[in-house]
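If you want the building blocks of each chain, they are given just below.
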Amino acid sequence: MSNIKSYHERIENFDWKIAEKELDYEPGNVINIGWYCSDRICQMGKADKPGLIWEGSTGVEKRYTYNDIRINSNTIAQFLKDLGINPEDRVCLFLDKIPELYIGFLGILKMGAIAQPLFSAFGDESLFIRLDNAQTTAIITQKKHAPKVRKIMDKMPYLKHLIIVDADPGKPLADREVAFDLAKAGKVDHFDIYPTTAESPSVLHYTSGTTGQPKGVKHVHYSLISQYLTAKWVLDLQDDDIYWCTADPGWVTGTSYGIIGAFSNGVTQCVLDAGFSADNWYRFIQKHRITMWYSAPTAIRSLMKAGEEVIKKYDLSSLRHLASVGEPLNSEAVIWSERVFGKPFLDTYWQTETGSIMISNYPGMKIKPGSMGKPFPGITATVIHPETYEPFNETGKIGLIAIRPGWPAMMRTYWKNEETYRKKFQNGWYLPGDRSSIDNEGYFWFVGRDDDVINTGGHLVSPFEVESALLEHLAVAESAVVAKPDFVNMEVVKAFVTLKPGFIASKDLDLDIMNFVRKKLSPLAMPQEIEFIDTLPKTRSGKIMRRILHAKEWGEEIGDTSTLEND
Ligand code: PRX
């Protein structure tokens, strides 16, 4: 029996108070995500229940009960407090998917600071831009990532502590560096949790737009209300579930549902900190008897590519419920999963800014493969005209997705960028920046983004950031970055580059430029293809027309070129 008995019944008379009540939260009282995800679960009699089962790339396993999570997050909270970190200071988690990331996140929230998770594959430039914007006070990392921080340390006087969780004992550390070994630290059974309230800031996630630097999306502790209930009704988390969310908490899915949604519902969750391979993923499901699996279309397409023979080697009969997020889930993937796993992946749609699932397919609801489903109860979503910002009177029209603001997990602002935040609202609607249509049964059909942001394997990459990095390469005069179609990742980064005088296009130069971007930004942002061209298409005012290059890549109509300079 699923948690959401009937989608239609839930829509009627829905009130977020349902979640408040289940969580014993009274408006105005203290609400702290760290407490709800550990202490409260222990108080509910589940102290000895496994909360986190972690497996590393070498197969080593670590297990934490909810009581372990409670005590260990207390220990980290106390350590940060003793360092002099204050409530609302930004504390960055720059870690692989290791236990310290999950438990550290809760520890930061328990002492009232703001958790700023960043993808550990980020290069020094990506890291610097985000730490500088947030004026981060401390960063928690591993020794293998520390050199990237050290490289930019001098430019960050506000960064008071570089905390290394696996420092070599006895090896001297530089000024501002400190070792913290969670396994060896004196355990803190009691910690006075900082009395955060609904609007106290909790998490700062960075997301990329078409123009300008990445934006810091500010969330608050009240987001728990949405994250708890969507995890319960959409992911259908139940007491005996063994849950696997494949997302990295460097991105929002990994925090909203890989930490908050999972732990606040008191389930056992498994984490695999290893690179992707179909064999290894199926082995992991078999070994831990995973029942609920939340993943992404790119991973599903990779599994499809790996074929069906490999599936036959494993017993995957534990799987009860599957869901997906991050990119369009093509109908083939839904039909394939139903055939090979006996369950369809249910598509869910949301974004960093929304903090929780907005539109989704629900257990028990008729699934239309290729559709994102319907709005979550309590969410008013529609499609509006891109110029008038008015909802369409007929179904089937393509327009902008629009959501009425006011759900608990909605971002509260972009960090130090209120102006861009305000621009996300029109005519009383919040605009996520995506296009869709709605059919006559109220199902949403995703069409594409309404900007130039590249969605590669579910990760947003800003063409602006990649172009800026390319321009720092010695040989590059100008650059334009667009998405290129790809079967597995849906889109990959492609760069068009003009060279400075004296440089000649070659395979070596191509590789050198790719590596340059990978190191500076991240492997995701690295162009998979570089095309050297003589001139870039520009408007008469000198603006590069990415649109033309994009249309060429996708075999689409080029459209109006009347403003093209060299027309
Ligand atoms: O364009 C939409 C796409 O991913 C964007 C959000 O990316 P991010 O903030 O990184 O969060 C990703 C995980 C929540 C959206 O604006 N997107 C997300 N889910 C879907 C999707 N596109 C199509 N179908 C989806 N289910």
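Residues numbered from 1 in each chain as written. Predicted model: local features only at pLDDT ≥ 70, side-chain atom pairs only at ≥ 80, totals over all residues. Heavy atoms only, no water.

Novice: An account of the overall build of the protein chain is requested, with residue identities and associated values reported.
Specialist: Assigned secondary structure in the protein chain consists of 18 helices and 28 strands. The C-alpha atoms of the protein chain give a radius of gyration of 23 Å, which matches the 24 Å a tight globule of 567 residues would have. Projected onto the principal axes, the alpha-carbon positions of the protein chain cover approximately 70 × 65 × 50 Å. Within the protein chain, residue pairs in contact and separated by at least 24 positions form 69% of the contacts whose partners lie at least 6 positions apart. When the accessible surface of the protein chain is split by element, carbon and sulfur atoms take 50% of a total near 22700 Å². Within the protein chain, one finds 64 positive and 73 negative side-chain charges whose respective centroids are separated by 2 Å. (Helix = DSSP H or I, 4+ residues; strand = E, 2+ residues; numbered from the N terminus. Rg over C-alpha atoms; globule rule 2.2 N^0.38 Å. Contact = heavy atoms within 4.5 Å. Areas by Shrake-Rupley, 256 points an atom, 1.4 Å probe, with all protein chains shown as cover. Lys, Arg positive; Asp, Glu negative; His and termini not counted. Charge placed at Lys NZ, Arg CZ, Asp CG, Glu CD.)

Novice: Which residues make up the domain arrangement of the protein chain, and what values go with them?
Specialist: According to the domain assignment, the protein chain consists of domain 1 (7-436) and domain 2 (454-554). Each partner contributes residues to the interface: domain 1 has 25 residues there, and domain 2 has 22 residues. In this assembly, domain 1 packs against domain 2 so that about 1800 Å² is buried in total across both faces, 56% of it on carbon and sulfur atoms. For the interface between domain 1 and domain 2, the tally reads 2 salt bridges. At the boundary of domain 1 and domain 2, one finds 12 residue pairs in polar contact (both at pLDDT 80 or more). Looking at the side of domain 1 that touches domain 2, the element that brings in the most residues is helix H7 (residues 124-134), giving 5 residues. Looking at side-chain class alone, the side of domain 1 that touches domain 2 contains 7 nonpolar, 12 polar and 6 charged residues. (Domains from an automatic or database assignment. Buried area = accessible area lost by both parts, 1.4 Å probe. Salt bridge = Lys/Arg side-chain N within 4 Å of Asp/Glu carboxyl O. Polar contact = N/O pair within 3.5 Å; in protein donor to acceptor, adjacent residues only side chain to side chain. Nonpolar A, V, L, I, M, F, W, Y, C, P; charged D, E, K, R; others polar.)

Novice: Describe in detail the nonpolar core, supporting the description with residues and values.
Specialist: The biggest cluster of nonpolar side chains holds 99 residues, and the ones touching the most others in it are Leu235, Tyr243 and Tyr294. Here this core gets 7 residues from one element, more than from any other, and that element is helix H6 (residues 99-110). Sequence-distant contacts of Leu235, defined by excluding residues within four places in its chain, comprise Thr230, Tyr243, Tyr257, Met292, Tyr294, His321, Ala323 and Ile357. Counting 28 residues, the second-largest nonpolar core is a separate cluster that includes Leu272, Phe284, Tyr314 and Val334. (Core = buried A, V, L, I, M, F, W, Y, C linked by side-chain atoms within 4.5 Å. Buried < 20%, exposed > 50% of the residue type's maximum accessible area, 1.4 Å probe, protein only.)

Novice: So, the pattern of salt bridges: which residues are in play, and what are the values?
Specialist: If you walk through the whole model with that rule in mind, you get 42 salt bridges. Two residues, Glu441 and Lys366, come together in a salt bridge whose shortest N-O distance is 3.0 Å. In this pair, Glu441 is assigned in the loop between strand S22 (434-438) and strand S23 (444-449) and Lys366 in the loop between strand S15 (359-360) and strand S16 (374-375), connecting sequence segments 75 residues apart. Relative accessible area serves as the criterion here: at 46%, Lys366 is assigned to the partly exposed category. Between Lys494 and Glu531 there is a salt bridge, with its nearest N and O atoms 2.6 Å apart. Of this pair, Lys494 sits in strand S27 (residues 490-499) while Glu531 sits in strand S28 (residues 529-532); the two residues are 37 residues apart in sequence, bridging distant segments of the chain. Classification of Glu531 as partly exposed rests on a relative accessible area of 25%.

Novice: Explain the packing of helix H5 (residues 66-83) against H6 residue by residue, including any values.
Specialist: Running from N to C, H5 and H6 point in directions that differ by 55°, and their axes come no closer than 7 Å. By the angle class used here, H5 and H6 are oblique. Classified by chirality, the crossing of H6 by H5 is right-handed. Touching Ile69, Arg70, Asn72, Ser73, Asn74, Ile76, Ala77 and Leu80 of H5 are Ile103, Gly104, Leu106, Gly107, Ile108 and Lys110, all from H6. Counted by class, the contact of H5 with H6 contains 7 nonpolar, 5 polar and 2 charged residues. (Axes fitted to C-alpha atoms, helices over the stretch in contact; angles between N-to-C directions. Parallel < 35°, antiparallel > 145°, perpendicular 65-115°, else oblique. Left-handed = near helix turned anticlockwise from the far one by under 90°.)

Novice: Provide a residue-level description of the site of the ligand, including the pertinent values.
Specialist: Asp347, Thr348, Gln351, Thr352 and Asp434 are the nearest of the 18 residues found near the ligand. Between a nitrogen atom of the ligand and a main-chain N or O atom of Thr348, the distance comes to 2.8 Å. In the model, an oxygen atom of the ligand is placed 3.1 Å from a nitrogen or oxygen of the Arg449 side chain. If the ligand stood free it would expose 550 Å²; the protein chains cover 97% of that surface. Element by element, the count of residues in the shell around the ligand is highest for strand S14 (residues 345-349), at 3 residues. By residue class, the composition of the shell around the ligand is 8 nonpolar, 6 polar and 4 charged. (Near = heavy atom within 4 Å.)

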